[in-house]
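# Chain and residue survey
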Amino acid sequence: MSSPLLEPVPQSSTRSAEVLHVFPSAQIAKPIRLRDVYERWKHSKPRSLDSLNACSRSIDLYEAYTGNPPISQLTREQGDGFRAWLLQPDRKTSSKTARDRLTWVKSVLKYASRDLGLIDRNPWEGLDIAFKTTNKRRPWTDDELKTFFGQYLYTAYELPKLKRAGADAAYWIPLLGLYTGARIGELAQLRLSDVESDGPIAQLSITDEGEGQKVKPATMKVNSAVFHLSLQLIKESSQTHFKSTTYLGGRMPAR
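Note that the structure is predicted; figures quoted are calculated from it, not measured.

## Focus: the overall build of the chain
Of the regular secondary structure elements, the chain holds 10 helices and three strands. A buried classification covers 36% of the 255 residues belonging to the chain. Of the contacts made within the chain by residues no fewer than 6 positions apart, 56% connect residues no fewer than 24 positions apart. For the chain, the exposed area adds up to about 16800 Å²; of that, 52% sits on carbon and sulfur atoms.

Here is the structure:
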């Protein structure tokens, strides 16, 4: 007679053990729903508040459409229906936003399958929404540029006093953007050591080498006397206050 300890564990018992391990307070009979998985997913690694809120709102929509079934009963047909529902004209949602919402739900389902083993596979894997950028940014007109750079901030170097206004970064970031066309995220993470202005060609080195630097590396060279002078002023006025590792946008708010 064989020992019970050596006998294979039935699949249902294995699944119940996994559920209890992942959700210790859950009863075996209690079905696991997507919101339950989300509560575990949000603590699985550091995530921004924006990401958590966006994912939670997407799950709200998922629950509204599907009726919030146990994830073990979720079908691919429901995923296709949810995709179509997100794109309905009366929802007035862009295709990109609809895709983002579908992707958040798929991410939590993927976590339930691959990380927690609560379902054998993600039934919505591969479902996607094609999108195109609908809001193209137009260039500023000459009059708009004159109005913006005609403020006391630029004519008298009168820096904003509000805590979240960026202080001196409010002056330098738009000016650098005007002459480089770089994105605000690229400029805000620049360090003084990334600025080279000793020769006739002004140069900015956008890197991902420093702490907190995440954008794609690039080098910008601009043959502009005004831009060259601007960079010299940045370095000369900042060196008495900051180290070479200080970010030019260091006083800008995170949001």
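## Let's talk about the nonpolar core
Counting 28 residues, the largest nonpolar core has Val37, Ile71, Phe82 and Trp124 as its most contacted members. When residues of this core are traced back to their parent elements, those giving at least two are helix H2 (34–41), helix H3 (49–66), helix H4 (76–86) and helix H5 (95–115). Residues Ile173, Ala182, Leu204 and Ile206 belong to the second largest nonpolar core, which totals eight residues.

## Here we look at the packing of aromatic side chains
Scanning the entire structure with this criterion turns up 14 aromatic pairs. Arranged with centres 5.8 Å apart and planes meeting at 65°, the rings of Tyr62 and Trp124 form a pair that is edge-to-face. Here Trp124 lies in the loop between H5 and helix H6 (142–148) and Tyr62 lies in helix H3, a separation of 62 residues in the sequence. Take Tyr62: its relative accessible area is 0%, and that puts it in the buried class. Overall, Trp124 belongs to the buried group, its relative accessible area being 0%.

## Section: the packing of H3 against H4
Relative orientation of the contacting elements H3 and H4 amounts to 115°, with a least axis distance of 10 Å. Between H3 and H4, the angle is such that the two are roughly perpendicular. Crossing geometry of H3 relative to H4 is assigned as right-handed. Within the contact between the two elements, H3 uses Ser58, Leu61, Tyr62, Ala64, Tyr65 and Thr66 and H4 uses Gln78, Gly81, Phe82, Trp85 and Leu86. Considering only residue class, the contact of H3 with H4 consists of seven nonpolar, four polar and no charged.

## Focus: H3
In this model H3 runs 26 Å from its N-terminal to its C-terminal C-alpha over 18 residues, within 8% of the 26 Å that 1.5 Å per residue would give. Residues of H3 that are buried: Leu52, Ala54, Cys55, Ser56, Ser58, Ile59, Leu61, Tyr62 and Thr66. Those residues of H3 that are buried are in contact with H2, H4 and H5. Immediately beyond the C-terminal end of H3, within one or two residues, lies Gly67, with a positive phi of roughly 85°.

## Looking at the confidence of the model for the chain
Within the chain, residue pLDDT values average 75, and 65% of them lie at 70 or more. Confidence drops under pLDDT 50 across residues 240–246; counting only partners more than four residues distant or on other chains, this segment forms 11 contacts.

## Section: the pattern of salt bridges
Tallied over the full model, the rule gives eight salt bridges. Of the charged contacts, one joins Glu39 and Lys42 as a salt bridge, the two residues approaching to 3.0 Å between their closest N and O atoms. Under the relative-accessibility criterion, Glu39 is labelled partly exposed at 36%. Lys42 sits in the partly exposed class, given a relative accessible area of 24%. As a salt-bridge pair, Asp128 and Arg99 come within 3.0 Å of each other at their nearest N and O atoms. Of this pair, Asp128 sits in the loop between H5 and H6 while Arg99 sits in helix H5; the two residues are 29 residues apart in sequence, bridging distant segments of the chain.

Rules used throughout
Residues numbered from 1 in each chain as written. Predicted model: local features only at pLDDT ≥ 70, side-chain atom pairs only at ≥ 80, totals over all residues. Heavy atoms only, no water. Helix = DSSP H or I, 4+ residues; strand = E, 2+ residues; numbered from the N terminus. Buried < 20%, exposed > 50% of the residue type's maximum accessible area, 1.4 Å probe, protein only. Contact = heavy atoms within 4.5 Å. Areas by Shrake-Rupley, 256 points an atom, 1.4 Å probe, with all protein chains shown as cover. Core = buried A, V, L, I, M, F, W, Y, C linked by side-chain atoms within 4.5 Å. Phe/Tyr/Trp six-rings, centres within 6.5 Å; stacked < 30°, edge-to-face > 60°. Axes fitted to C-alpha atoms, helices over the stretch in contact; angles between N-to-C directions. Parallel < 35°, antiparallel > 145°, perpendicular 65-115°, else oblique. Left-handed = near helix turned anticlockwise from the far one by under 90°. Nonpolar A, V, L, I, M, F, W, Y, C, P; charged D, E, K, R; others polar. Expected span 1.5 Å × (residues − 1). pLDDT = per-residue confidence, 0-100. Salt bridge = Lys/Arg side-chain N within 4 Å of Asp/Glu carboxyl O.

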